[in-house]
Amino acid sequence: MEPQFWYDIWTERKIGFHRSDIHPMLRNHWHSLGCEGLDVLVPLSGKTLDMRWLASEGHTVTGIELDQRAVDEFFQEWQCQPAVHSRSDGLADHHSGNIHLLVGDFFGFRPGGQFEAFYDRAALIAMPEAMRADYLRKLASLVAEGGVGLLITFEYPDSEMQGPPFPVRRPELDAQNWFRVKQLERQEVIGHYAHLREAGVTSLVETAYRLERTTEPAR
Ligand SMILES: C[S@@+](CC[C@H](N)C(=O)[O-])C[C@H]1O[C@@H](n2cnc3c(N)ncnc32)[C@H](O)[C@@H]1O
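Residues numbered from 1 in each chain as written. Predicted model: local features only at pLDDT ≥ 70, side-chain atom pairs only at ≥ 80, totals over all residues. Heavy atoms only, no water.

## Let's talk about the overall build of the protein chain
Helix and strand content of the protein chain: seven helices and nine strands. Relative to its full complement of 219 residues, the protein chain shows a buried share of 50%. In the protein chain, of all internal contacts separated by at least 6 residues, the share reaching a separation of at least 24 is 69%. About 10,200 Å² of surface is accessible on the protein chain, with carbon and sulfur atoms providing 47% of the total. One finds the centroid of the 22 positive side-chain charges in the protein chain at a distance of 2 Å from the centroid of its 32 negative side-chain charges. (Helix = DSSP H or I, 4+ residues; strand = E, 2+ residues; numbered from the N terminus. Buried < 20%, exposed > 50% of the residue type's maximum accessible area, 1.4 Å probe, protein only. Contact = heavy atoms within 4.5 Å. Areas by Shrake-Rupley, 256 points an atom, 1.4 Å probe, with all protein chains shown as cover. Lys, Arg positive; Asp, Glu negative; His and termini not counted. Charge placed at Lys NZ, Arg CZ, Asp CG, Glu CD.)

See the structure below:
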C-alpha cells in the first residue's frame, strides 16, 4: 500500500469504492455520536460525498487524501473553486466553505491541535494488517481524549479476495487500547457492491462502530 499503488488506482480509475450516494450508516448513526458542531477529521478521504453531507450538517471537515486528482474532482463535482495554500507539514490545503481537503500523506499530517470527531469509511480497511496498528496509532494521536468517531468496516471470507478492501474483524479492534469500541449496525451488503461480487466475494458484512478515544497515550 505504497502511495504509488493509490496513484495507479486513480490513474486507472479503479475507484469502485467511491459511492454516488451518502453512506446510509453515516446518516443512520452520525447524530447518535453526540458531536454536533465539532470539527471532523476524514482520513483517506478520496472524494467522498459524505464530506459534503458532514459539512451540510454544520461541521468543519478536514479530509486527507494522497491523490491530487481525487481532490480536484471533489471540488469540481461540488462546483466550487477552492483556495489553495501550502501548510508547514508539506500538505496542500484546498479550502472552500467549511471543507478543507489536504493533499498528501496522512502519516505526515501535523495539525496544530487535535480533533474531537472523525469519520473513517474505507480508510482502516484500505490498509493491510501490517499497517493498521500504525494507522490507528496515528489516528489516536490526532484525536483528543473523549473524541468520538464513526468507523465502517467490511468482513468477507479471507480466501475470496486479496484486498484492499481488507477484512477487519471485532477481535482486532478490541486488541487495541486507543479507542473504546461499540457496534452500532451490521448488515450483509454484497448486493450493493458489484465490483466486489465480480472479484469473487460471496458475502460482505458491513459494520458501523462508535469509537471513543481513551486516555491511552498514542506513542
Ligand atoms: C479505499 S479509498 C476510500 C476513500 C473514501 N474514504 C471513500 O469512502 O470513498 C482510500 C483512499 O485513501 C487514499 N490514501 C491511501 N493511502 C493514503 C495515505 N497514506 N494518505 C492519504 N490518503 C491515502 C487513496 O488515494 C484513496 O483515495
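Having put the structure on the table, let's press on.
## Quick notes on the layout of surface pockets
Of the voids in this model, the largest pocket is the one considered here, and its volume is about 870 Å³. Contributing to the lining of the largest pocket are 46 residues, with W6, F17, A122, A126 and P164 lying nearest its centre. Among the secondary structure elements, those contributing two or more residues to the lining of the largest pocket are helix 1 (3–11), strand 2 (61–65), strand 6 (115–121) and helix 7 (194–198). A total of five residues in the lining of the largest pocket trace back to one element, the largest contributor, which is helix 1. Residues of the lining of the largest pocket, tallied by class, amount to 28 nonpolar, nine polar and nine charged. (1 Å grid on protein atoms, 1.4 Å probe; cavity = no way out; pocket = protein on both sides within 12 Å on 5 of 7 lines; lining within 4 Å. Points joined across faces, edges and corners; volume = space filled by probe spheres on them. Nonpolar A, V, L, I, M, F, W, Y, C, P; charged D, E, K, R; others polar.)

## Section: the site of the ligand
Around the ligand, the surrounding shell holds 15 residues, and the nearest of these are L44, E65, D105, F106 and R121. Residue L44 places a main-chain N or O atom 2.9 Å away from a nitrogen atom belonging to the ligand. Taking 600 Å² as the accessible area of the ligand by itself, protein coverage stands at 95%. Counting atoms within 2 Å of the grid points, the majority share of the ligand lands in the largest pocket. Within the residue set of the shell around the ligand, elements represented by two or more residues are helix 1 and strand 2. A class-by-class count of the residues in the shell around the ligand yields eight nonpolar, four polar and three charged. (Near = heavy atom within 4 Å. Polar contact = N/O pair within 3.5 Å; in protein donor to acceptor, adjacent residues only side chain to side chain. Sits in = over half its atoms within 2 Å of the grid points.)

## Describing the side chain of T62
For T62, the position within the fold is in strand 2. Setting aside residues no more than four positions away along its own chain, T62 makes contact with V40, L41, V42, H100, L102, F109 and F115.

## As for the packing of helix 1 against helix 4 (residues 68–77)
At a minimum axis separation of 9 Å, helix 1 and helix 4 run at an interaxial angle of 45 degrees. Considering the angle they form, helix 1 stands oblique to helix 4. Across the interface between the two elements, Y7, W10 and T11 of helix 1 pack against R69, A70 and E73 of helix 4. (Axes fitted to C-alpha atoms, helices over the stretch in contact; angles between N-to-C directions. Parallel < 35°, antiparallel > 145°, perpendicular 65-115°, else oblique.)

## A few points about the sheet that holds strand 2
Strand order in the open sheet formed by nine strands is 3-4-5-2-1-6-7-9-8, and the pairing between neighbours is mixed. Two strands bound the open sheet, and with one partner strand each, they are strand 3 (83–86) and strand 8 (179–188). Averaged over neighbouring strand pairs, the angle between their axes works out to 20 degrees when direction is ignored. (Pairing = 2+ DSSP bridges.)

## Considerations on unusual backbone geometry
Of note, the amide linkage connecting G163 to P164 takes the cis form, showing an omega dihedral of 0 degrees. You can see P164 is positioned in the loop between strand 7 (143–155) and helix 6 (170–174). With an omega of 0 degrees, the peptide bond between P164 and P165 qualifies as cis. As for its position among the elements, P165 is in the loop between strand 7 and helix 6. One non-glycine residue, L44, lies in positive phi territory at about 50 degrees. Look at L44 and you get partly exposed, because its relative accessible area is 23%. Unusually for a residue other than glycine, Q79 sits at a positive phi of about 60 degrees. Checked against the element boundaries, Q79 lands in the loop between helix 4 and strand 3.

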